[in-house]
Amino acid sequence: EAASPSGEGVFAREHAEALKQRRLFLIEQGWMGKNEQVLSRSHLQEMATHELRDMAQRLSDELGKTVIAYAPNRVEGVYARRIDLAQGRMALILGERSGHLVPWRPTLERFAGRQVEGLMRGRSLSWGFSRGLGIGLPPM
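Here's what I pulled together on the structure shown here. Because the structure is predicted, anything quoted here is derived from the model rather than measured.

It is worth spelling out the nonpolar core at this point. Residues Leu 52, Met 55, Ala 56, Leu 59, Val 67, Ala 80, Ile 83, Leu 85, Met 90, Leu 92, Leu 94 and Leu 101 constitute the largest nonpolar core, which totals 12 residues. Looking at this core, the elements that each hand over two or more residues are α2 (41-63), β2 (74-85) and β3 (88-94). At four residues, the largest contribution of residues to this core is made by α2. If near-sequence neighbours (up to four positions away) are discounted, Met 55 is found in contact with Ile 83, Leu 85 and Leu 101.

Its boundaries defined by the atoms lining it, the second largest pocket holds a volume of some 160 Å³. Lining the second largest pocket, in full, are Leu 44, Met 47, Ala 48, Glu 51, Ala 86 and Gln 87. When its residues are assigned to classes, the lining of the second largest pocket shows four nonpolar, one polar and one charged.

Most of strand β4 (residues 98-103) sits out of view: five of its six residues are buried. Here strand β1 (residues 66-68) pairs with β4 via three bridges, running parallel. By the bridge assignment, Val 67 is partnered in β4 with Gly 99. Pairing of β3 with β4 involves five bridges; the strand directions are antiparallel. Its bridge partner lying in β4, Met 90 is registered against Pro 103. Turn length for the β3-β4 hairpin, with the two strands adjacent in sequence and antiparallel, is three residues.

Overall, the coordinates contain six salt bridges when judged by the stated rule. When the shortest N-O distance is used, the salt bridge between Arg 74 and Glu 117 registers 3.4 Å. On the criterion of sequence distance, the pair formed by Arg 74 in strand β2 and Glu 117 in strand β5 (residues 115-121) is long-range, its members being 43 residues apart. Salt-bridge contacts for Asp 84 lead to Arg 89; the nearest nitrogen and oxygen are separated by 2.9 Å. With a relative accessible area of 46%, Asp 84 lands in the partly exposed category. Given the relative accessible area of 40%, Arg 89 is considered partly exposed. By sharing partners, the salt bridges in this structure join Arg 74, Glu 76 and Glu 117 into a single network.

What counts and what doesn't
- Residues numbered from 1 in each chain as written.
- Predicted model: local features only at pLDDT ≥ 70, side-chain atom pairs only at ≥ 80, totals over all residues.
- Heavy atoms only, no water.
- Core = buried A, V, L, I, M, F, W, Y, C linked by side-chain atoms within 4.5 Å.
- Buried < 20%, exposed > 50% of the residue type's maximum accessible area, 1.4 Å probe, protein only.
- Helix = DSSP H or I, 4+ residues; strand = E, 2+ residues; numbered from the N terminus.
- Contact = heavy atoms within 4.5 Å.
- 1 Å grid on protein atoms, 1.4 Å probe; cavity = no way out; pocket = protein on both sides within 12 Å on 5 of 7 lines; lining within 4 Å.
- Points joined across faces, edges and corners; volume = space filled by probe spheres on them.
- Nonpolar A, V, L, I, M, F, W, Y, C, P; charged D, E, K, R; others polar.
- Pairing = 2+ DSSP bridges.
- Salt bridge = Lys/Arg side-chain N within 4 Å of Asp/Glu carboxyl O.

Here it is, written out as structure tokens:
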């Protein structure tokens, strides 16, 4: 965690007020108790899961096909784009019938618009170029 600004300057006061407002918001939303000073790991994980599901639903509505917000053991499709979330970057992989939101890696950028295959290894996906024919995607 970054250090808070010290002193009596404007920035230090604004920073303290922003932290206070964030805490009040988290209490109001039920993520944090009135006597708590930090979010629990379980609440952080729950917020991340909620963010991922929400993005998958928005993409499903936008694309007209189901987007699944988890990484299966193997995923194959066209790398459509990078999605920036509060929890980190995700990749949108579009298959014939559905899409997948999976952990993004910089190596995917060289395969933009092309067919890729991802294989789960431990807690991350390793990516490779698929020899199959890619489908043309309109710009997003």
